[in-house]
Amino acid sequence: MGKIIAVANQKGGVGKTTTCVNLTCALKKRGRRVLLVDCDPQGNSTSGMGVDKTATPNCYDMLMNGAAAADCIRSTKYGDVLPANMNLSGCSVELVSSEQREYIMKTALAAVQDDYDFILIDCPPSLELLTINALVAADSVLIPVQCEYYALEGIADLMRSIKMCNKRLNPELTVQGIVMTMYDGRTNLSLQVAEEVKRHFPGQVYATVIPRNVRLSEAPSHGMPVLDYDPYSRGAEAYRMLAEEISAQHE
Ligand code: ATP
Ligand code: MG
């Protein structure tokens, strides 16, 4: 049965989507069967994988209209994608009154879990119902953390949500790991933040650190992961190494 990993951090712009897109592609290149579920109304994972945001049925149809996950999935050469767009933002409001509202994604993804080795879920930058659905569906949480001030506070909030999930909704949920992103070797700050996070979360931070790399920020506008856009860039190399570490956790 595939391992479901929610890629979450309620802080915006820390590298969740960049990690989802490139990790999906890197795991596929290692021969793993991978699905990327876009659970963010921004739809950045969808377009980043080269899938049209107007594609339907999509994540909204799966969560709100009972569409089968298998019918929503698009195959790309970088890995499979379950797309999303702006209409997903209606979900949080529309789901509020429904029974089992936290379990809809879990139930929907169970039908395709055997078809994959890894299912990554790209979460929106908040801790609202869409993220809660992802945390309930997931076996573990992968936390991208940007190397900047206040990084620790952000992780503390997320850890509280994970504990809340453990108590009430998903006792099995664990932390897959913390990945430091946008590391800038020219500043002391990046190094200090990375060291501080490692001190607070011993054994949970990946050895691979994702550098700040302009190729990573250019690739999405071409609708492809950096591994294809510029396979020899430092960004591509880093995500290949992260995929190796994560693969090794599930051998
Ligand atoms: P949101 O919370 O809005 O969903 P996010 O956490 O998914 O954001 P990304 O979209 O992955 O974050 O990254 C934010 C911006 O930073 C994007 O423009 C992306 O291209 C850029 N970026 C991400 N990682 C890197 C990196 N390692 N080096 C350079 N730019 C990066
Ligand atoms: Mg994002």
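Residues numbered from 1 in each chain as written. Chains lettered and ligands numbered in written order. Predicted model: local features only at pLDDT ≥ 70, side-chain atom pairs only at ≥ 80, totals over all residues. Heavy atoms only, no water.

1. With respect to the overall build of the chain
Condition: Under the DSSP-based scheme used, a helix requires at least four consecutive residues in state H or I and a strand at least two consecutive residues in state E, with every element numbered from the N terminus. The reference for a compact globule is 2.2 Å times residues^0.38; the radius of gyration itself is calculated from the C-alpha atoms. Each residue is assigned to one of three classes by its accessible area relative to the maximum for its type, calculated with a 1.4 Å probe on protein chains only: buried under 20%, partly exposed between the two thresholds, exposed over 50%. Using a 1.4 Å probe, accessible areas were evaluated by the Shrake-Rupley method; residue-level cover was limited to the displayed protein chains. By the counting rule applied here, Lys and Arg register as positive and Asp and Glu as negative, while His and the ends of each chain are not counted. To locate a charge, take NZ of a lysine, CZ of an arginine, CG of an aspartate or CD of a glutamate.
Each helix and strand counted, the chain has 12 helices and 7 strands in total. Radius of gyration (C-alpha) of the chain: 17 Å, near the 18 Å computed for a compact globule of 251 residues. For the chain, the spread of C-alpha atoms along the principal axes amounts to about 50 × 40 × 35 Å. Every one of the 251 residues in the chain was classed for burial, and the buried ones make up 55%. Carbon and sulfur atoms make up 50% of the accessible area of the chain, which totals about 10900 Å². Measuring between centres, the 24 positive side-chain charges of the chain sit 4 Å from its 29 negative side-chain charges.

2. Side note on helix H1 (residues 16-29)
Spelled out, the test is: For a helix, the expected span equals 1.5 Å multiplied by the number of residues minus one.
Between its first and last C-alpha, H1 extends 20 Å over 14 residues, near the 20 Å set by a 1.5 Å rise per residue. For H1, a buried count of 11 out of 14 residues is recorded, marking the element as mostly surrounded by other parts of the structure. Every buried residue of H1 is accounted for by Lys16, Thr17, Thr19, Cys20, Val21, Asn22, Leu23, Thr24, Cys25, Ala26 and Leu27. Directly after H1, the chain includes Gly31, whose backbone phi takes a positive value near 90°.

3. Remarks on unusual backbone geometry
Residue Thr56 is joined to Pro57 through a cis peptide bond whose omega torsion reads -5°. By the element assignment, Pro57 lies in the loop between helix H2 (44-48) and helix H3 (59-64). Not every positive phi belongs to a glycine, and Tyr150 is a case in point at roughly 70°. A relative accessible area of 58% places Tyr150 in the exposed class. With phi around 55°, Met182 is a residue other than glycine that occupies positive phi space. In this fold, Met182 is placed in the loop between strand E7 (174-181) and helix H9 (188-200).

4. Some remarks on the state of the cysteines
Worth spelling out the cut-off: Working definition: a disulfide is two cysteine sulfur atoms within 2.5 Å of each other.
A full pass over the atoms with the stated rule returns 0 disulfides. In this model Cys59 remains outside any disulfide bridge; the closest cysteine sulfur is found in Cys39, 5.1 Å from its own. On the basis of relative accessibility, which here comes to 0%, the residue Cys59 falls in the buried class. Here Cys91 stays unpaired: no disulfide links it, and the sulfur of Cys59, its closest cysteine neighbor, is 6.9 Å away.

5. Observations concerning the environment of Asn170
Applicable threshold: Contacts: residue pairs with any heavy atoms within 4.5 Å of one another.
In this fold, Asn170 is placed in the loop between helix H8 (151-168) and E7. Classification of Asn170 as buried rests on a relative accessible area of 6%. Once the C-alpha coordinates of Asn170 and Cys72 are considered, the two residues, 98 residues apart in sequence, prove to be 25 Å apart. In contact with Asn170, other than residues within four places in its own chain, are Leu135, Val136, Ala138 and Cys165.

6. Overview of the sheet that holds E7
Which entries qualify depends on this criterion: Two strands form a pair only when DSSP identifies at least two bridges running between them. Axis definition: a line fit to C-alpha positions, over the contact stretch in the case of helices; interaxial angles, taken between N-to-C directions, run 0 to 180 degrees.
Strand order in this open sheet of 7 strands is E3-E4-E2-E5-E1-E6-E7, and the pairing throughout is mixed. Since the sheet does not close on itself, it has two edges, and those belong to strand E3 (74-76) and E7, each with one partner. Across the sheet, the mean angle from the axis of one strand to that of its neighbour is 25°, orientation sign disregarded. Note that E3 and strand E4 (residues 79-82) share 3 bridges and pair antiparallel. Bridged to Ser75 within E4 is Asp80. Across the sheet, H8 is in contact with strand E6 (140-146) and E7; its angle to E6 comes to roughly 165°.

7. Overview of the nonpolar core
Rule in force here: Side-chain atoms within 4.5 Å link the members of a nonpolar core, which is a set of buried Ala, Val, Leu, Ile, Met, Phe, Trp, Tyr and Cys residues.
One finds Leu82, Leu109 and Ile178 to be the most contacted residues of the largest nonpolar core, which totals 54 residues. Here this core takes 7 residues from helix H7 (residues 129-137), the largest share from any one element. In contact with Leu82, not counting residues within four places along its chain, are Leu35, Leu36, Val37, Asp38, Asn58, Cys59, Met62, Ala69, Cys72, Ile73 and Leu109. Counting residues in each nonpolar core, the second largest holds 31 residues, with Val21, Met49, Tyr206 and Ala238 among its members.

Without other data, these values stay purely geometric and don't point to any function.
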